[in-house]
Amino acid sequence: MSLKLLAAADIHLGRSSSGAGLDGEDAFLYRASHTWITLCKLACRKEADALLLAGDIADELSAYFEASSAFSNGLRILKDASIPVIMVSGNHDYAILPRLADDYQNDGLYLLGNNGSWDVRDFKLGGGQLRCAGWSFPDARVYTDPLEHFPDVPNDNVPLIGLLHGDFGTTRSSYAPLSEAKLLSAGPQVWVLGHIHKPMINTYANKTILYPGSLQALSPKETGAHGAVWLENKEGFFEAKPVELSTVRYEKITVSPGNISNELDLKSTTVSTIENYLRQWSEEEHAELRECIADISLTGEHPDVEELSRIAQKLQGDAAETGFRLRIRIRKVHNLCTVPQSAVEDIAVQKDMAGVLARLILQLENKDELLDDDTLRLLENLESRRQFLRNQNVYSALRQDSPELAEFTTDDQLRQLLLHEARILLSGLLKTKTGN
Ligand SMILES: [Mn+2]
């Protein structure tokens, strides 16, 4: 016998994917409640022994009615298949989840670690015995690592899984900072975590720490595949496999427009680039996907960067149907194209502003060449302005939470930044000069 578990987190019942299903008719497909039902059906189809949920299952108390009815519909499906739900609450549902658990008690629903104290509980499941250690958010914010109070758990070969909501890999956070070392030295073989919406599966010598991530991708920041994780105990070790269930996938895609200078050509090039990208996905693995929402970056050289920006603007918000029942939606187009190199060299001999900019670009591009005094002063100015901004109080939380962001910018990064701005400025300047 082997244990088979389905794990999910951050469902946020009550919310839906931003910018998806805008054409109306199928808008319900992009609600978190829809994907929650897909999850419950999957648990039945794959004959899971239990469903594990690591917090932020419901969004807020204000969404109680939608969350409650969607939740109960899913529970009914699971109950018919005798699949218990083992869960903890997160910072969003610390108030609503205990209420839902009260409403549906005796229905195979178990809320562990209510009020911020650890619960360890044994379950007799079809695939064997399972022990779960769980801790629930008692409040919207928690500043300490819950592992500081992890209980003693008997060491008797019953597989142990930890369920927890919090912020992995940081020591300072308002949402339960979780240290990797503490998680690894505590008993559980697998930690199923909630809170971070980006999926993660970290495997160690004989342990796994994972975030299933948000079940349904909810915002353009949540790029890539989203869904749940399938856990199967094989010879004492849990194998973890992601299962894509989100109906939406947000992607960042790069398009080379070449010399294109009209809207129609730009659209067809963009759509076919996205279609080529989608072709790497098998229909089977992405059976639930209905929409791909893409942020496009245009790159390369272009003879008329300003005109390209103008037609790129018109593409934003466009949607197109593809061959395989997937709708593409273009959310944003960033034009990162630059003036052709040959043009920059020609302009560099001029004595006007454009000439100054072109010479600056050539200097910054050529790393071996010595920078002249003006360029050096420009770089120093840029660095001191950046440092000034970095040290502003509004960014202090960022500096503490992500020290890598506060690090000193390297000379090369600074050079690239200035180069990027100079190219854009030159493109604009040339446009004004020709007067059209
Ligand atoms: Mn959370």
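Residues numbered from 1 in each chain as written. Predicted model: local features only at pLDDT ≥ 70, side-chain atom pairs only at ≥ 80, totals over all residues.

Asks: Talk me through the nonpolar core; I want residue IDs and the actual numbers.
Replies: When a protein is soluble and globular, its nonpolar side chains tend to lie buried together. Among the nonpolar cores identified, the biggest contains 68 residues, and Leu13, Leu51, Leu52, Leu163 and Val192 are the most heavily contacted of them. Leaving out residues up to four positions away in the same chain, Leu52 has contacts with Leu5, Ala7, Ile86, Ile161, Leu163 and Val192. Membership of the second largest hydrophobic core comes to 34 residues, among which are Leu218, Ile293, Ile330 and Leu426. (Core = buried A, V, L, I, M, F, W, Y, C linked by C-beta atoms within 7 Å. Buried ≥ 20, exposed ≤ 12 C-beta atoms within 10 Å, placed from the backbone. Contact = placed C-beta atoms within 7 Å.)

Asks: Would you mind going over the sheet that holds strand β17 (residues 319-321) in detail, with residue names and values included?
Replies: Backbone-to-backbone hydrogen bonds join strands into a sheet, with any given pair of strands oriented parallel or antiparallel. On the basis of which strands lie adjacent, the open sheet formed by 4 strands has the order β15-β16-β18-β17 and mixed pairing. The open sheet has two free edges, formed respectively by β15 (248-255) and β17, since each of these has just one partner strand. Taken over all neighbouring pairs, the strand axes of this sheet differ in orientation by 25° on average, direction set aside. Judged from the 8 bridges that link them, strand β16 (residues 291-298) and strand β18 (residues 327-335) form a sheet pairing that is parallel. Bridge assignment links Asp295 to a residue of β18, and that residue is Lys332. Its contacts with the sheet put helix α5 (residues 263-278) on β15, β16, β17 and β18, and the angle it makes with β15 is roughly 120°. Helix-sheet contacts for helix α6 (residues 305-315) involve β16 and β18, and the interaxial angle to β18 is about 150°. (Pairing = 2+ DSSP bridges. Helix = DSSP H or I, 4+ residues; strand = E, 2+ residues; numbered from the N terminus. Axes fitted to C-alpha atoms, helices over the stretch in contact; angles between N-to-C directions.)

Asks: Please give an account of the pairing of strand β5 (residues 119-125) that cites residues and values.
Replies: In the sheet, β5 pairs with strand β6 (residues 128-134) via 7 bridges, with the strands oriented antiparallel. Residue pairing across strands places Leu125 opposite Gly128, the latter belonging to β6.

Asks: I'd love a proper account of the packing of helix α1 (residues 32-45) against helix α2 (residues 64-80), names of residues and values included.
Replies: Interaxial distance between α1 and α2 falls to 9 Å at its minimum, and their mutual angle equals 10°. Compared by their axis directions, α1 and α2 come out roughly parallel. Like other packed secondary-structure pairs, α1 and α2 cross with a definite hand, here right-handed. For the pair α1 and α2, contact is made by Ser33, Trp36, Ile37, Cys40, Lys41, Ala43 and Cys44 and by Glu66, Ala70, Asn73, Gly74, Ile77 and Leu78, respectively. Class assignment for the residues of the contact of α1 with α2 results in 8 nonpolar, 3 polar and 2 charged. (Parallel < 35°, antiparallel > 145°, perpendicular 65-115°, else oblique. Left-handed = near helix turned anticlockwise from the far one by under 90°. Nonpolar A, V, L, I, M, F, W, Y, C, P; charged D, E, K, R; others polar.)

Asks: I'd love a proper account of the sheet that holds β6, names of residues and values included.
Replies: As summarised here, the arrangement of the 6 strands in space is β5-β6-β7-β10-β12-β11, forming an open sheet in which the pairing is mixed. Every interior strand has two partners, whereas the edge strands, β5 and β11 (200-203), have only one. Here the strands of the sheet are splayed against their neighbours by 20° on average, with no regard to which way each runs. In this sheet, strand β7 (residues 160-165) lies alongside β6 in parallel orientation, the contact comprising 4 bridges. Note that in β7 the partner of Ala133 across the bridge is Gly162.

Asks: Before we move on, could you go through α1 and cite the residues and values that matter?
Replies: The first and last C-alpha atoms of α1 sit 20 Å apart over 14 residues, in line with the 20 Å expected at 1.5 Å per residue. Taken residue by residue, α1 has Ala32, Ser33, His34, Thr35, Trp36, Thr38, Leu39, Cys40 and Ala43 as its buried positions. Buried residues belonging to α1 abut β1 (4-8), β2 (50-54), α2 and β13 (227-234). The first or second residue beyond α1 is Glu47, which carries a positive phi of 50°. (Expected span 1.5 Å × (residues − 1).)

Asks: Would you mind going over the packing of α5 against α6 in detail, with residue names and values included?
Replies: At a minimum axis separation of 9 Å, α5 and α6 run at an interaxial angle of 60°. With respect to α6, the element α5 is oriented oblique. Viewed along their axes, α5 and α6 form a crossing whose handedness is right-handed. Within the contact between the two elements, α5 uses Glu263, Leu266, Lys267 and Thr270 and α6 uses Ile311, Ala312, Lys314 and Leu315. Classifying every residue of the contact of α5 with α6 by side-chain character gives 4 nonpolar, 1 polar and 3 charged.

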